[in-house]
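# Close look at the chain arrangement
One-letter residues, chain by chain:
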Amino acid sequence: MARSYPVNHWYAIATSAELTEKPLARTICNTPIVMFRDKAGAVAVLEDICPHRKAPLSSGFVVDGAIECGYHGAQFDAHGRCIHIPSQDVIPPRGMTVTRFPALERHDMIFAWIGDDKRATPDGIPDIWSANTYADWTAVHGYHHVKANYLLVLDNLADLTHLAFVHRSTIGASGRTGWFNNPLRVTIEGDRVHSSRTMRDISPSGFMLMTSRFAPTDKIDRFQTSDFFAPAFFTVVLGGEHAGTHEEMQRPHHIVLNSVTPETEETSHYFWSVCRTVALDDQHITDEMYRLTRLAFDEDADMLERQQQAIRADRSGRPLMNFQGDQGGAAMRKVIARLIEAETEEQAA
Ligand code: FES
Ligand SMILES: [Fe+2]
């Protein structure tokens with residue numbers, strides 16, 4: 001089966017908080033990897049297989065910044081070189097190395113490059129994660145393992161008309177007509193898809209009421225802008241101004257940062273943050289934002305997993321269809337298809 005994702009790109013593989021003193025195993029783009037911190041605290045990412053008898057390295061321990069296989073104790077440094085074999089005091093046999101993947105840690109997120117490592121450049125990660133660590137923002141982070149292809153997760157982010165249905169009892173209760181009556185304006189710039197929607201003279205969202213940015217009786221103009229950075233990063237910026245007072249969003253109310261990493265063709269790692277600019281020190285609001293976002297993304301994951309099962313069982317061969325609201329998602333899939341095609345052509349050349 002053809003791959004649905006390009007490989008010569010950075011993908012998020014963990015949050016910084018997840019990587020403690022133990023090795024952390026994950027499958028990224030169908031490749032089992034193990035991450036750990038070297039002596040200096042830098043993230044190392046290796047293929048999760050020991051060349052000796054092919055036990056997973058993640059079954060072992062981190063010893064002095066190296067990873068020790070849990071089976072016979074061979075140790076590998078951050079470059080994947082074997083530096084110690086307990087049962088023999090000689091140079092390791094030829095080929096006793098593990099594939100190492102380029103890794104970067106930024107703004108509380110860890111990224112890895114699974115494709116051709118010679119092409120990995122640090123500037124390939126869009127600087128969207130800074131809101132995670134800005135002093136004048138408060139962020140909550142979460143992770144969902146979703147049993148659905150990553151494109152389905154990205155579709156879900158690109159088409160927020162699902163709010164009124166999937167989230168009817170949680171975050172989607174307000175503003176139903178706002179999402180339907182105000183189509184997205186979508187533009188593609190290179191590997192980036194920008195979309196925006198303005199909803200005039202409607203009620204504030206639940207989150208805006210929670211932070212007391214607006215009163216329940218207020219009528220506001222709500223602004224939503226989204227940016228997709230191929231192949232796997234997606235930001236949604238949400239804000240509002242008193243109705244009729246401003247043409248554009250003056251300052252976002254909150255931003256949802258998303259990173260969707262293919263695990264296999266039918267499963268994904270979904271990392272998200274919600275960062276707000278208001279009521280920064282209110283712990284109750286922080287807790288509620290986490291709880292409600294988690295709840296809403298649970299609802300999304302539930303729908304996406306059912307959708308993946310239905311797609312797996314489907315024998316019709318019919319493609320997915322697009323509504324007007326899929327404009328952003330369709331543009332996003334077009335960019336990804338172009339990147340995959342370019343990689344396939346390069347490999348064939
Ligand atoms: S399998 Fe790893 S040291 Fe033997
Ligand atoms: Fe959703």
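Just above sits the structure.
Everything in this summary refers to the structure shown in the same document. (Residues numbered from 1 in each chain as written. Chains lettered and ligands numbered in written order. Predicted model: local features only at pLDDT ≥ 70, side-chain atom pairs only at ≥ 80, totals over all residues. Heavy atoms only, no water.)

## Some points on the coordination of the iron ion (ligand 2)
Each angle at a metal carrying four tetrahedral donors should ideally be 109.5 degrees, and each at a metal carrying six octahedral donors should ideally be 90 or 180 degrees. On the protein side, the iron ion (ligand 2) has His162 (NE2), His167 (NE2), Asp300 (OD) and Asp300 (OD) as donor atoms, found 2.1 to 2.3 Å from it. Taken together, the four donor atoms coordinating the iron ion (ligand 2) and their angles of 58 to 141° define a geometry best described as irregular. Between the donor residues of the iron ion (ligand 2), the gaps in sequence give the motif H-x4-H-x132-D. Just as histidine 162 is buried, histidine 167 falls in that class too. (Donors = N, O, S within 2.8 Å, 3.2 Å for Na, K, Ca; no water. Tetrahedral: all angles 85-135°; square planar, octahedral: opposite > 155°, others 65-115°. Buried < 20%, exposed > 50% of the residue type's maximum accessible area, 1.4 Å probe, protein only.)

## Comments concerning the nonpolar core
Ranked by internal contacts, the top residues of the largest apolar core, which has 55 residues, are Met35 and Leu154. Each of two domains, domain 1 (10–124) and domain 2 (129–348), supplies a minimum of three residues to this core. Setting aside anything within four residues of it in sequence, one finds methionine 35 in contact with Ile13, Ala14, Leu19, Lys22, Pro23, Leu24, Arg26, Val43, Ala44 and Val45. Listed in part, the 19 residues of the second largest apolar core include Trp10, Phe111, Trp137 and Phe229. (Core = buried A, V, L, I, M, F, W, Y, C linked by side-chain atoms within 4.5 Å. Domains from an automatic or database assignment. Contact = heavy atoms within 4.5 Å.)

## Notes on the pattern of salt bridges
In total, this model carries 15 salt bridges according to the counting rule given. Here glutamate 241 ties to arginine 213 by a salt bridge, and the two come within 3.5 Å at their closest N and O atoms. A residue pair is termed long-range when its members are at least 10 positions apart, and glutamate 241 in strand E16 (residues 233–242) and arginine 213 in the loop between helix H4 (206–210) and strand E15 (220–229) qualify at 28 residues. Note on glutamate 241: relative accessible area 5%, which makes it buried. Taking relative accessible area as the criterion, arginine 213 reaches 30% and is therefore assigned partly exposed. (Salt bridge = Lys/Arg side-chain N within 4 Å of Asp/Glu carboxyl O. Helix = DSSP H or I, 4+ residues; strand = E, 2+ residues; numbered from the N terminus.)

## Re the sheet that holds E15
A sheet is described by the order of its strands in space; here seven strands give the open sequence E12-E18-E17-E16-E15-E14-E13, paired in antiparallel fashion. The strands lining the two open edges of the sheet, one partner per strand, are strand E12 (138–146) and strand E13 (185–189). Along the sheet, successive strands turn relative to each other by an average axial angle of 15°, direction set aside. The pairing of E15 with E16 spans 10 bridges and is antiparallel. Residue pairing in the sheet places aspartate 221 in a bridge with glutamate 241 of E16. Together, E13, strand E14 (192–202), E15 and E16 form the strand contacts of helix H6 (residues 327–348), whose direction differs from that of E13 by roughly 15°. (Pairing = 2+ DSSP bridges. Axes fitted to C-alpha atoms, helices over the stretch in contact; angles between N-to-C directions.)

## Focus on the packing of aromatic side chains
Across all of its chains, the model carries eight aromatic pairs by this definition. Measuring from centroid to centroid gives 6.0 Å for phenylalanine 111 and phenylalanine 233, while their planes differ by 80°, and the two rings are edge-to-face. Residue phenylalanine 111 is found in strand E11 (residues 109–113), and its partner phenylalanine 233 is found in strand E16; the two are separated by 122 residues along the sequence. Among the aromatic residues, ring-to-ring pairing joins Tyr270, Trp272, Tyr290 and Phe297 into one connected group. Taking the ring centre of tyrosine 143 as reference, the NZ or CZ of arginine 26 above it sits at 4.6 Å. (Phe/Tyr/Trp six-rings, centres within 6.5 Å; stacked < 30°, edge-to-face > 60°. Lys NZ or Arg CZ within 6 Å of the ring centre and 35° of its normal.)

## Considerations on helix H1 (residues 150–158)
Taking burial as the measure, the nine residues of H1 include nine buried ones, the bulk of the element. Restricting attention to buried positions, one finds in H1 the residues Tyr150, Leu151, Leu152, Val153, Leu154, Asp155, Asn156, Leu157 and Ala158.

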